Amino acid sequence: EIRPPQLMAAMTVATLTGATSAHAEFTWKDYKQFRTHGFSRADEDALNLYMTAIGSSLLAANAALAYRKDQPLFCLKGDGNLKRWDITALLDQFFRSTPNLFADGMPLTTASLLLLQKNYPCQ
């Protein structure tokens, strides 16, 4: 179960890190549009940077929680690394199977966190 401070820590870090891209916030609708119709090269590059920032930010939030001896947001298997393509693979899996899983306006940061928690729960 996520406690509010954990969610706030993850969302704050992710938002601040992602704010450097040309696109202030990518949503689930943006991702569905990208997968259905594609983006310009510049928008695709911005999305890739944004996805990298999501992964980095969520790992940083997990590290901060571990430092404070709090429950992590999710528990990765293996080496604990989270790459852009890991998050993209999760988003793609759910886009193909249940494209209406999330509301169109949901930020990709939130969608990514929810999918990570679903696929990498902590015991």
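So, how was this worked out
- Residues numbered from 1 in each chain as written.
- Predicted model: local features only at pLDDT ≥ 70, side-chain atom pairs only at ≥ 80, totals over all residues.
- Heavy atoms only, no water.
- Disulfide = S-S within 2.5 Å.
- Helix = DSSP H or I, 4+ residues; strand = E, 2+ residues; numbered from the N terminus.
- Buried < 20%, exposed > 50% of the residue type's maximum accessible area, 1.4 Å probe, protein only.
- Axes fitted to C-alpha atoms, helices over the stretch in contact; angles between N-to-C directions.
- Parallel < 35°, antiparallel > 145°, perpendicular 65-115°, else oblique.
- Contact = heavy atoms within 4.5 Å.
- Nonpolar A, V, L, I, M, F, W, Y, C, P; charged D, E, K, R; others polar.
- Core = buried A, V, L, I, M, F, W, Y, C linked by side-chain atoms within 4.5 Å.
- pLDDT = per-residue confidence, 0-100.

We now examine the state of the cysteines. For the structure on display, the rule yields one disulfide. Shown here is the disulfide that connects C75 with C122, its sulfur atoms set 2.0 Å apart. When the S-S torsion is 100°, as for the bridge of C75 with C122, the disulfide is right-handed. Pair noted here: C75 is in the loop between α3 (41-67) and α4 (84-97) and C122 is in the segment after α5 (108-119), with a separation of 47 residues, a long-range link. C75 sits in the partly exposed class, given a relative accessible area of 26%.

Viewed as axis vectors pointing N to C, α3 and α4 meet at an angle of 100°, and their least axial separation amounts to 8 Å. Considering the angle they form, α3 stands roughly perpendicular to α4. Within the contact between the two elements, α3 uses N48, M51, T52, I54 and G55 and α4 uses R84, I87, T88 and L91. Class assignment of the residues belonging to the contact of α3 with α4 gives a composition of four nonpolar, four polar and one charged.

So, on to the nonpolar core. Counting residues in hydrophobic clusters, the biggest one holds 27 residues, and the most contacted among them are L91 and L108. For this core, the elements supplying multiple residues, two or more each, are α2 (28-37), α3, α4 and α5. Ranked by the residues each element gives to this core, the list is headed by α3, at eight residues. The residues contacting L91, other than those within four sequence positions of it, are W28, Y31, M51, L108, A111, S112 and L115.

Take the confidence of the model for the protein chain next. Mean pLDDT over the protein chain stands at 82; residues scoring 70 or higher make up 81%. Mean pLDDT per element in the protein chain: helix α1 (residues 4-18) is the minimum at 49, and α5 is the maximum at 94. Taken together, the stretch residues 16-23 has pLDDT below 50 and engages in nine contacts with residues farther than four places along the chain or on a different chain.

Axis separation between α4 and α5 bottoms out at 10 Å; the angle between their running directions is 90°. In terms of orientation, α4 and α5 fall into the roughly perpendicular class. Across the interface between the two elements, I87, L90, L91 and F94 of α4 pack against L108, A111, S112, L115, L116, K118 and N119 of α5.

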